[in-house]
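Residue strings, one per chain:
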Amino acid sequence: MTVNNQVKLPARYDIVGSYLRPESLKQARAALQENKITRAELTQIENEEIKHLVDTQVALGLKAVTDGEFRRSWWHLDFFDGLNGAHFFEPAHGFIFNGQETRKGGIRLTDKLSYNPKHPFFTGFEYLSKLVPDGVLAKQTIPSPSVLFPNEDAEIFDEHYAHDFESFLQDEIITYQKTIQHFYDLGCRYLQIDDTSWGMWASFSKETINPALKPLCEAAVRAINAIADNKPDDLILTMHICRGNYASNWAGAGAYNPVADYLAQLHIDGFFLEYDDERSGGFEPLEKIAANNRNQAIVLGLVTTKLPELEEKILLEKRIKLASEYADLDNLYLSPQCGFASTEEGNHLSTEDQWKKIELVIKTAQTVWQK
């Protein structure tokens, strides 16, 4: 397959993926854990809440919608647990987010990693795609391959490959290629990989990448490009870079400068970049992405999902104008900085706040690009 560098996102305004879980869904998941309802009953409640969510997104005018990740507990671990050879477990401690410990969760690689044709995400996408009307894309989100790189600090343990990283990487690439092809065969034309690695690697570095992290950066470029180069030409493939999103807290802070040279090498169709506060640094790294001549979309995450306060539209317009000094305005887009609930706990804002944020993104984008 050849990389299609002329792919455009469906609208100048977009979303990252997850939404706050409704109380009925939280109660149902708790009831399942207590054996008070069946898995089938939980699925029915999920279906009802996802339909309501999709209807709301479409009514607001979004041109790409998700299922809010309502069937997941974690943005990443549920997906990995559905692959052959990877299994969820509860470690002794959670991950530390800016001094706060998260809920416990991790992954063990206990066998050869491979594609699972019965991955539960496939059934979830089939249901989502039936709800989406003509003119709107069903957007699928999955974690990036780099998030599964064995890393004991991130509670990703290698118990099969005996630290043979090259064998792991080759198996992972094939697993992702087959998985993404399956989504495509089910009708998916817009898929986003969510990646915390780049944000954390930047956080662990200064102006240039920490030399100890170079092999991981190079491996991530290899994996992501092998996936991008293998995808069907009419499948939009984007990547969201995050520095952590758990109950309104974050795990990493630092500008994109140390990883910008690597990001510029990626063959994907677009980037979703956090730019909601000073943790993200300036827009200067966008110049390197823009200079690679791939005509990639750069989606500016200027509206925070971590706080309920609503940004001022005029200030968002000024920041977009500032970003356009480093990348052509025609390649810029607008979105929230992250999802509203990367885990089922959700961030500390109300559902009403959430929709006001989405409406602000849409109205600002329509003003800036006059569409």
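Small disclaimer: the values here were computed from a predicted structure and weren't measured. (Residues numbered from 1 in each chain as written. Predicted model: local features only at pLDDT ≥ 70, side-chain atom pairs only at ≥ 80, totals over all residues. Heavy atoms only, no water.)

**Topic: the sheet that holds strand 10 (residues 236-241)**
- Pairing within the open sheet is parallel, and its six strands lie in the order 7-9-10-11-12-13. With partners counted over all chains shown, the strands left at the sheet margins are strand 7 (140-143) and strand 13 (332-336), one partner each. Here the strands of the sheet are splayed against their neighbours by 25 degrees on average, with no regard to which way each runs.
- Here strand 7 pairs with strand 9 (residues 190-195) via four bridges, running parallel. Residue pairing for strand 9: I142 is matched across the bridge by I193.
- Most of the contacts of helix 10 (residues 313-323) go to strand 12 (residues 297-303), to which it runs at about 145 degrees, and overall it touches strand 12 and strand 13. (Pairing = 2+ DSSP bridges. Helix = DSSP H or I, 4+ residues; strand = E, 2+ residues; numbered from the N terminus. Axes fitted to C-alpha atoms, helices over the stretch in contact; angles between N-to-C directions. Contact = heavy atoms within 4.5 Å.)

**Some details on empty space enclosed by the protein**
- Tallied over the full model, the rule gives two cavities of 30 Å³ or more.
- In this model, the second largest cavity occupies a volume close to 30 Å³.
- As for the second largest cavity, its lining consists of I15, V16, G17, S18, Y19, P336, C338, G339, F340 and I358. (1 Å grid on protein atoms, 1.4 Å probe; cavity = no way out; pocket = protein on both sides within 12 Å on 5 of 7 lines; lining within 4 Å. Points joined across faces, edges and corners; volume = space filled by probe spheres on them.)

**Description of helix 5 (residues 165-185)**
- For helix 5, spanning 21 residues, the distance from its first C-alpha to its last is 30 Å, which sits close to the expected 30 Å at 1.5 Å a residue.
- When helix 5 is considered as a whole, its buried residues turn out to be F168, L169, D171, E172, I173, T175, Y176, T179, I180, H182, F183 and Y184.
- Residues of helix 5 that are buried make contact with helix 3 (77-81), strand 5 (106-114), helix 4 (120-131), strand 7, strand 9 and helix 7 (214-230).
- A positive backbone phi angle near 110 degrees is found at G187, which sits one or two residues after helix 5. (Expected span 1.5 Å × (residues − 1). Buried < 20%, exposed > 50% of the residue type's maximum accessible area, 1.4 Å probe, protein only.)

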